[in-house]
Amino acid sequence: MRGTHLLKIGASSMEIHPGKLLIHFDEMALPWPGQRLLPQRITGDIEISADSESDAAIALDPGRAHVWSPRLPQARAVVRSHAFPGGGWAGHAYHDVNFGSRPVEHDFMGWDWARGVDEESGETVVLYDAELLHGGRRRLALRFGDDGAPSAFDLPSAKRLPRGFWGVGGAIACDDAAEPEIVRRLEDSPFYRRSLVSTRMGGHPLTMVHETLDCRRLANPLVRMMLPFRMPRRTGFQRSS
């Protein structure tokens, strides 16, 4: 089910309200070392409340076939679920959307993205470093303050990060005199990985959520075959009470 303010896939849903995003999830969690040996149902709710909002829509490629929009660059999240100690947690949040008219692998080799909070200024910092399929790069470095308006700044050179278990690489902007460090690995797949990374830009330390997307791997037929198992959708499924 999809409408202007509601998206529902299976038993999970997202609903947008003025200054607020409500998410309900009812999914199967896959086995994970140190957490669970077998698939397990996980349910709960996430409420994201805006501290600032943005209507910016930024093209990622010259033909404007791919657009990124940071809707809630500064926000707070409350997570409620039986799966977490104490029933949930609260903290910083962020919400954006990507949309386009062509598959990403038709125009990109891949990209690195990162988002963090500058503890000194309180601003949200977002980085994009995209490698275009037919040559060239699209590098973005933006700060978002209380008014939600983006302001650009100069990016230092990117430094490579260690490869993940599946061999996906990645890099993040970092001052010449410093080295980035992976603080925690959050997701690792054959074409995508997400980590918490410590870096330094303009002399300021930043801890950022960082992701790498490898579009060449995403387009690989073998990886395509794996997607339904990694992110299954079962139509007509009804949860028993």
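As the structure is a computational prediction, the values presented were derived from the model and not from experiment.

Structural notes on the overall build of the protein
- Scanning the protein from terminus to terminus reveals 2 helices and 16 strands.
- Relative to a compact globule of 241 residues, whose C-alpha radius of gyration would be 18 Å, the protein shows 19 Å and is just as compact.
- Along the three orthogonal principal directions, the C-alpha set of the protein runs to about 55 × 40 × 40 Å.
- Each of the 241 residues in the protein was classed as buried or not, and the buried ones make up 41%.
- Within the protein, residue pairs in contact and separated by at least 24 positions form 45% of the contacts whose partners lie at least 6 positions apart.
- For the protein, the distance from the average site of its 30 positive side-chain charges to the average site of its 30 negative ones is 8 Å.

Notes on the pairing of strand β4 (residues 40-52)
- Sheet topology note: the strand β3 (residues 20-29)/β4 ladder contains 10 bridges and is antiparallel. By the bridge assignment for β4, Asp26 is matched with Thr43.
- In this structure, β4 lies alongside strand β6 (residues 66-81), joined through 8 bridges in antiparallel fashion. The residue bridging Asp45 from the neighbouring strand is Arg80, located in β6.

Regarding the nonpolar core
- Residues Leu60, Trp68, Phe108, Trp111, Trp113, Tyr128 and Phe191 are the most contacted members of the largest nonpolar core, which totals 23 residues.
- Those elements giving two or more residues to this core turn out to be β8 (108-117), β9 (124-132), β10 (137-144), β16 (204-214), α1 (215-218) and α2 (221-230).
- At 4 residues, the largest contribution of residues to this core is made by β9.
- Residue contacts for Phe191: discarding those within four places in its chain leaves Val168, Thr212, Leu213, Asp214, Arg217, Leu218, Val223 and Leu227.
- If you look at the next biggest cluster of nonpolar residues, it comprises 12 residues, including Val125, Ala141, Ile172 and Leu206.

Concerning the pairing of strand β1 (residues 6-9)
- As paired strands, β1 and strand β2 (residues 12-17) are joined by 4 bridges and run antiparallel to one another. When the sheet's bridge partners are listed, Lys8 is paired in β2 with Ser13.
- Counted along the chain from β1 to the antiparallel partner β2, the turn is 2 residues long, and its residue Gly10 has a positive phi close to 65 degrees.

Regarding the packing of aromatic side chains
- Applying the stated criterion to the full structure yields 5 aromatic pairs.
- Its guanidinium or amino end placed over the ring of Phe153, Arg143 lies 5.0 Å from that ring's centre, counting from NZ or CZ.

Remarks on the environment of Ala29
- Tracing the sequence through the fold places Ala29 in strand β3.
- On the basis of relative accessibility, which here comes to 11%, the residue Ala29 falls in the buried class.
- When the C-alpha positions of Ala29 and Arg80 are compared, they lie 16 Å apart, and in sequence the two are 51 residues distant.
- Non-local contacts of Ala29, meaning those with residues more than four positions away in its chain, are made with Arg36, Leu38, Pro39, Gln40 and Ile42.

Quick word on the side chain of Asp112
- If you trace the backbone, Asp112 turns up in strand β8.
- For Asp112, the side chain forms a polar contact with the main-chain nitrogen of Ala171, separated by 3.2 Å.
- Those residues in contact with Asp112, other than ones at most four positions away along the chain, are Leu127, Tyr128, Asp129, Gly170, Ala171, His210, Glu211 and Thr212.

Re the environment of Arg185
- Structurally, Arg185 is set in strand β14 (residues 181-188).
- Placed 11 residues apart in sequence, Arg185 and Leu196 show a C-alpha to C-alpha distance of 6.4 Å.
- Setting aside chain neighbours within four positions, we find Arg185 in contact with Pro162, Arg163, Gly164, Arg193, Arg194 and Ser195.

Things to note about the sheet that holds β9
- The strand order β11-β10-β9-β8-β16-β15-β14 describes an open sheet built from 7 strands, whose pairing is antiparallel. On the outer flanks of this sheet lie β11 (150-152) and β14, each paired with one strand and no other. The sheet shows a mean angle of 25 degrees between the axes of neighbouring strands, taken without regard to direction.
- Alignment of strand β15 (residues 192-201) against β16, held across 10 bridges, turns out to be antiparallel. The residue bridging Ser195 from the neighbouring strand is His210, located in β16.

Each value, and the rule that gives it
- Residues numbered from 1 in each chain as written.
- Predicted model: local features only at pLDDT ≥ 70, side-chain atom pairs only at ≥ 80, totals over all residues.
- Heavy atoms only, no water.
- Helix = DSSP H or I, 4+ residues; strand = E, 2+ residues; numbered from the N terminus.
- Rg over C-alpha atoms; globule rule 2.2 N^0.38 Å.
- Buried < 20%, exposed > 50% of the residue type's maximum accessible area, 1.4 Å probe, protein only.
- Contact = heavy atoms within 4.5 Å.
- Lys, Arg positive; Asp, Glu negative; His and termini not counted.
- Charge placed at Lys NZ, Arg CZ, Asp CG, Glu CD.
- Pairing = 2+ DSSP bridges.
- Core = buried A, V, L, I, M, F, W, Y, C linked by side-chain atoms within 4.5 Å.
- Phe/Tyr/Trp six-rings, centres within 6.5 Å; stacked < 30°, edge-to-face > 60°.
- Lys NZ or Arg CZ within 6 Å of the ring centre and 35° of its normal.
- Polar contact = N/O pair within 3.5 Å; in protein donor to acceptor, adjacent residues only side chain to side chain.
- Axes fitted to C-alpha atoms, helices over the stretch in contact; angles between N-to-C directions.

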